[in-house]
Amino acid sequence: MAELKARAEAFGYRFCSSCNDNSEALPESIPSAPGTLPHFMEEPDDAYIIKSNPIVLRCKAMPAMQIFFKCNGEWVHQNEHVSEESMDETTGLKVREVFINVTRQQVEDFHGPEDYWCQCVAWSHLGTSKSRKASVRIAYLRKNFEQDPQGKEVPIEGMIVLHCRPPEGVPAAEVEWLKNEEPIDSNLDENIDTRADHNLIIRQARLSDSGNYTCMAANIVAKRRSMSATVVVYVNGGWSSWTEWSNCNARCGRGWQKRSRTCTNPAPLNGGAFCEGMSVQKITCTSLCPVDGSWEVWSEWSVCSPECEHLRVRECIAPPPRNGGKYCEGVSQESENCTEGLCIQDIETASDIALYSGLGAAVIAVAVLVVGVTLYRRSQSEYGVDVIDSSALTGGFQTFNFKTVRQGNSLLLNSSMQPDLTVSRTYSGPICLQDPMDKELMTESSLFNPLSDIKVKVQSSFMVSLGVTERGEYHGKVHSGTFPHGNNRAFGTIQARNKATYIQNLSSISTTSELKTTAIFGHLGGRLVVPNTGVSLLIPHGAIPEESSWEIYLAITQKESSLQPEGPDVLLGPEVTCGPSEVAVSTPFALTIPHCAQVNSEHWNIHLKKRTQQGKWEEVMSVEEETTSCYCLLDPYACHILLNSFGTYALIGEPISDCAVRQLKVAVFGCLSCNSLDYNLRVYCMDNTPYAFQEVVSDERLQGGQLLEEPKLLHFKGNTFSLQISVLDIPPFLWRIKPFTACQEVPFSRVWCSSPKPLHCAFSLERYSPATTQLACKVCVRQVKGHEQILQIQTSILENERETITFFAHDDSNFPAQMGPKAFKIPYSIRQRICATFDTPNAKGKDWQMLAQKNSINRNLSYFATQSSPSAVILDLWEARHQHDGDLDSLACALEEIGRTHSKISDITETEVEEPDFNYSRQNGL
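Every value quoted in this text rests on a predicted model; they were computed, and no experiment measured them. (Residues numbered from 1 in each chain as written. Predicted model: local features only at pLDDT ≥ 70, side-chain atom pairs only at ≥ 80, totals over all residues. Heavy atoms only, no water.)

### Side note on the sheet that holds strand S8 (residues 82-87)
Here is the rule: At least two bridges found by DSSP between two strands is the condition for calling them paired. Only DSSP runs of H or I with at least four residues qualify as helices, and only runs of E with at least two residues qualify as strands; both kinds are numbered from the N terminus onward. Every axis corresponds to a line fitted to the C-alpha atoms, with the helix fit spanning only the stretch in contact, and the corresponding angles, defined between N-to-C directions, vary from 0 to 180 degrees.
One open sheet accounts for four strands, arranged S3-S5-S9-S8; its pairing is antiparallel. The open sheet has two edge strands, strand S3 (39-42) and S8, and neither has a second partner. When the angles between neighbouring strand axes are averaged without regard to direction, this sheet yields 25 degrees. Pairing of strand S5 (residues 55-62) with strand S9 (residues 94-102), which is carried by seven bridges, proceeds in the antiparallel orientation. Looking across to S9, one finds that Cys-59 is bridged to Val-98.

### Thoughts on the pairing of strand S42 (residues 647-655)
Definition in use: Throughout, exposure labels follow a simple rule: accessible area from a 1.4 Å probe, protein chains only, divided by the maximum for the residue type, with under 20% read as buried, over 50% as exposed, and the rest as partly exposed.
The element S42 is extensively covered by neighbouring structure, given that eight of its nine residues are classed as buried. Note: strand S35 (residues 570-571) against S42, two bridges, orientation antiparallel. By the bridge assignment for S42, Val-570 is matched with Gly-653. Both strand S36 (residues 576-579) and S42 contribute to a ladder of three bridges, which runs antiparallel. From the neighbouring strand, Thr-577 faces S42, where its bridge partner is Thr-648. Where strand S38 (residues 604-611) lies against S42, eight bridges are found, and the strand directions are antiparallel. Bridging across to S42, Leu-608 finds its partner in Leu-651.

### A few points about the side chain of Thr-648
Condition: Distance and chemistry together define a polar contact, namely a pair of N or O atoms within 3.5 Å, with one atom able to donate a hydrogen and the other to accept it when in protein, and with adjacent residues in sequence counting only for side-chain atoms on both sides. Contact definition: two residues touch when any of their heavy atoms are within 4.5 Å.
Following the sequence through the fold, Thr-648 ends up in strand S42. Within the structure, Thr-648 has its side chain in polar contact with the side chain of Thr-577 (distance 2.9 Å). When sequence neighbours within four positions are dropped, the list of residues in contact with Thr-648 reads Glu-575, Val-576, Thr-577, Lys-609, Lys-610, Arg-611 and Trp-617.

### Some points on the nonpolar core
Selection criterion: Only buried residues count toward a nonpolar core, which is a set of Ala, Val, Leu, Ile, Met, Phe, Trp, Tyr and Cys residues joined through side-chain atoms within 4.5 Å.
Within the largest apolar cluster, 71 residues are counted, with the highest numbers of intra-cluster contacts made by Leu-537, Leu-554, Phe-646, Leu-681, Leu-723, Phe-763 and Val-781. Residue contacts for Leu-554: discarding those within four places in its chain leaves Leu-515, Lys-516, Thr-517, Leu-528, Val-530, Val-535, Ser-536, Leu-537, Val-576, Thr-577, Cys-578 and Leu-591. Within the second largest apolar cluster, 30 residues are counted, among which are Tyr-631, Ala-872, Leu-895 and Ile-898.

### Re helix H12 (residues 870-881)
As a reminder, the rule being used: A helix is expected to span 1.5 Å multiplied by its residue count minus one.
Look at H12: 17 Å from first C-alpha to last across twelve residues, which is about the 16 Å you get at 1.5 Å a residue. Burial within H12 is extensive, with twelve of its twelve residues counted as buried. What H12 keeps buried is the set Pro-870, Ser-871, Ala-872, Val-873, Ile-874, Leu-875, Asp-876, Leu-877, Trp-878, Glu-879, Ala-880 and Arg-881.

### Quick notes on the pattern of salt bridges
Rules: A carboxyl oxygen of Asp or Glu within 4 Å of a side-chain nitrogen of Lys or Arg is what we treat as a salt bridge.
What the rule picks out here adds up to 21 salt bridges. Close ionic contact of Arg-206 with Asp-189 constitutes a salt bridge, the shortest N to O distance being 2.9 Å. A residue pair is termed long-range when its members are at least 10 positions apart, and Arg-206 in the loop between strand S19 (200-202) and strand S20 (211-218) and Asp-189 in the loop between strand S17 (182-183) and strand S18 (192-193) qualify at 17 residues. For Arg-206, a relative accessible area of 30% gives the class partly exposed. Close ionic contact of Glu-575 with Arg-611 constitutes a salt bridge, the shortest N to O distance being 3.2 Å. Residue Glu-575 is located in the loop between S35 and S36, and its partner Arg-611 is located in strand S38; the two are separated by 36 residues in the primary sequence. Judged by its relative accessible area of 3%, Glu-575 falls in the buried class. Judged by relative accessible area, Arg-611 falls into the partly exposed class, the value being 29%.

### Things to note about the state of the cysteines
Each disulfide consists of a covalent bond between the sulfur atoms of two cysteine residues. As a reminder, the rule being used: Any pair of cysteine sulfurs within 2.5 Å is marked as a disulfide.
With the rule as written, the count across this model stands at eight disulfides. The residue that forms a disulfide with Cys-248 is Cys-285, at a sulfur-sulfur distance of 2.0 Å. Handedness of the Cys-248-Cys-285 disulfide follows from its S-S torsion of about 85 degrees: it is right-handed. Highlighted residues: Cys-248 in the loop between strand S22 (229-234) and strand S23 (253-260) and Cys-285 in strand S24 (residues 280-287), separated in sequence by 37 residues. Its relative accessible area of 22% is what places Cys-248 among the partly exposed residues.

### A word on the environment of Pro-321
With respect to the helices and strands, Pro-321 occurs in the loop between strand S25 (309-313) and strand S26 (333-337). Since its relative accessible area comes to 28%, Pro-321 is described here as partly exposed. In the structure, Pro-321 is positioned 30 residues away from Val-291 in sequence and 5.4 Å away in space, judged by C-alpha atoms. Not counting residues within four places of it along the chain, the set of residues in contact with Pro-321 comprises Val-291, Asp-292, Gly-293, Cys-316, Lys-326 and Tyr-327.

### Section: a nonpolar patch on the surface
We count it as follows: What goes into a patch is any residue over 30% in relative accessible area without a salt bridge, connected to like charges within 9 Å or, for nonpolar side chains (Val, Leu, Ile, Met, Phe, Trp, Tyr), within 5 Å. The accessible surface values rely on the Shrake-Rupley method and a 1.4 Å probe; as for residues, cover is taken only from the protein chains in view.
Taken together, the side chains of Ile-156, Leu-207 and Leu-269 define a hydrophobic patch exposed on the protein surface, amounting to about 230 Å² of accessible area. Of note, Ile-156 is situated in the loop between strand S13 (152-155) and strand S14 (160-162). Overall, Ile-156 belongs to the partly exposed group, its relative accessible area being 38%.

The following block contains the structure:
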């Protein structure tokens, strides 16, 4: 016993018979035990005091002579221990288990650097063992959530994220989500995730996900409910397909037909947006009036037949029934007795037999004569016969259809004319224009010169009222010298190998190193075009003073541009120079420059810059800016600029978001290399402008390259991601490509901030055998995390077997300059009448402002207000925009619409006639 006390005192404890405090003292009586160190069979666990209920800490050790708790470094009094002893049946060692209570008051009264803690100490005759420290904390859960979930409205298939931060508590609260008071189990629905920091995430919203969501927080003390968040999953409406066009509502003459669609694909749900646009479209139609048939006069009576009857006939051709008209009533043939009842048919005489015999002999003689003549002509055919071309008899004649004008137009210049629109008179056949007035009509018909091999209808009563009379329809071929026409796009779709042709061969592209056009212009004005580049210059009639002329030029800078954009700014098109600079014009001229930006004012800020005489660049204006010095109209592929001074101009684009798109044209060319087994593929990424494409075609033509597939458009975003170009699906046993060269990556800055020179990557493919002549593969061009285009290559590598793939371009090379009336789509006399009509202010709104609105010119109208003739400048802008298509029908419809709108405003009509609004349909090409 003395040895045990000494060992205990060596551990810093003392034995006493009466200890009333909590000092480090042990009881004097310690029973003897076999010699091993105590082993804890159960150690005290961490515990939480809930409300005012004390907690119980326990520990069990074997073998142990005594066990005491030590809390916060102080011994717990012996009287506060509850001890139990038992014997381990296996080992025969003594097992001791001790319990103590810890109250809320004890924990609250403790103020230390750490939580309240307790530890067991067990003794044996060999020494002591200590258990782990068990912490005791007061459990609680506050009432208010740190963040309640918020209600949302999201589109279908959108992502839903509901945030929840539970109240502060000990222990930390666990979060559970309820939907309409039902628990959500994310293990049963892969679309729902509740593991991310207590948040509820629905990856793709479904209609069934609409409901009230509640965040539940709970620990051992209490449960708390957040505010409910209402989630609405809505569906925006989508249009169904158009129905078929209805029948024309007018059985005869002019009417209308319509088609409709419904907002049911899908229908808007839960507050989704209704479909944008028109649910009904109407277009004009003309139904041919039915013509009832009428009998012609009876024919003469025929000779009397052997049956003693003669006949007479008539046909229903005066006129014949047309367009659903009624057929003639009555009989087409009549017969009657021609002997007044004295006919005898059964008596044959010898004279009759002689008559019939004579007729038979005559017939045989005639047949023999015909056979003889036929044989004689065949024998003469060995020497040939002269063939007369009937086209020589009709050369120089064309077929014209003239349609008279509409009645009742208050704008008619000649009130004595009484036209009828419902009646169409067609004059087919050769027309010889000998009268001087007819010659003037033909000269002024340049209104239709650009439209070869197509039918043009100008049925506008307003155009007729301006003097375009008896010129409704024209059929025929235009002389080859007429200015080319076509779509507004610089190049469209290739059609090769079961595709329609793509219009023009590589060899037709000009390879001249100087992209410059010059011509002498006078008072009549004209147009300059740099062939196949999309760059043009329109000098209006009267811009140059009378009795003076200038040699005006239009050129594209081919060398490195002196304009170096700053930062992310890019050059959107070619640098264009027009001059000479000393030319003074009285009215603005129109300069057209193509660009490669996807027009969106939210993503681009586009500027027009001009080079000064000192070689510096200064900003002229921003495209969206309101100014009276110049005007910019930005179309999807070109910018039309109205200017008063010549010089060097360029378009600069400043991206204002990562969604700014630079449109790139992707083209693939191929040719055999010096080694006959190798074939080279060159992939070009160039600005989507005709000038950039022409430059590539010119270079490839010099290298013997062949365009292998239709160029495609790539939307390259300004989001700093690079461009990847790769060759895929190469036939494995016919061709091979060097390892690690099938994919090339171009940094973003190299593509975005590159000079106007096109970017290209080269790939070298090798044949296994010279017998391989066909190549089929794919070229993939994609921006990382962006747009992708795949070009299907299928070609023959042999020149004599290769199918030539052509490409589309406006063939401007034949007519780079046009002077005088031929350069304009609208005849000058018509233009004068339009200007005289719309330049005068009108209180009812029929003036140049409505003319601008109908031609989609809605911005910066103050510029036109400062011009001497606003209508003339608007028409000049129309000429610049429609230099290739010359869509006179749309202009005529716009003018007619203005006249109809005016009549509705004035409410001055003699008869109320329902006339539907066709402007929307016609402007959309319906």
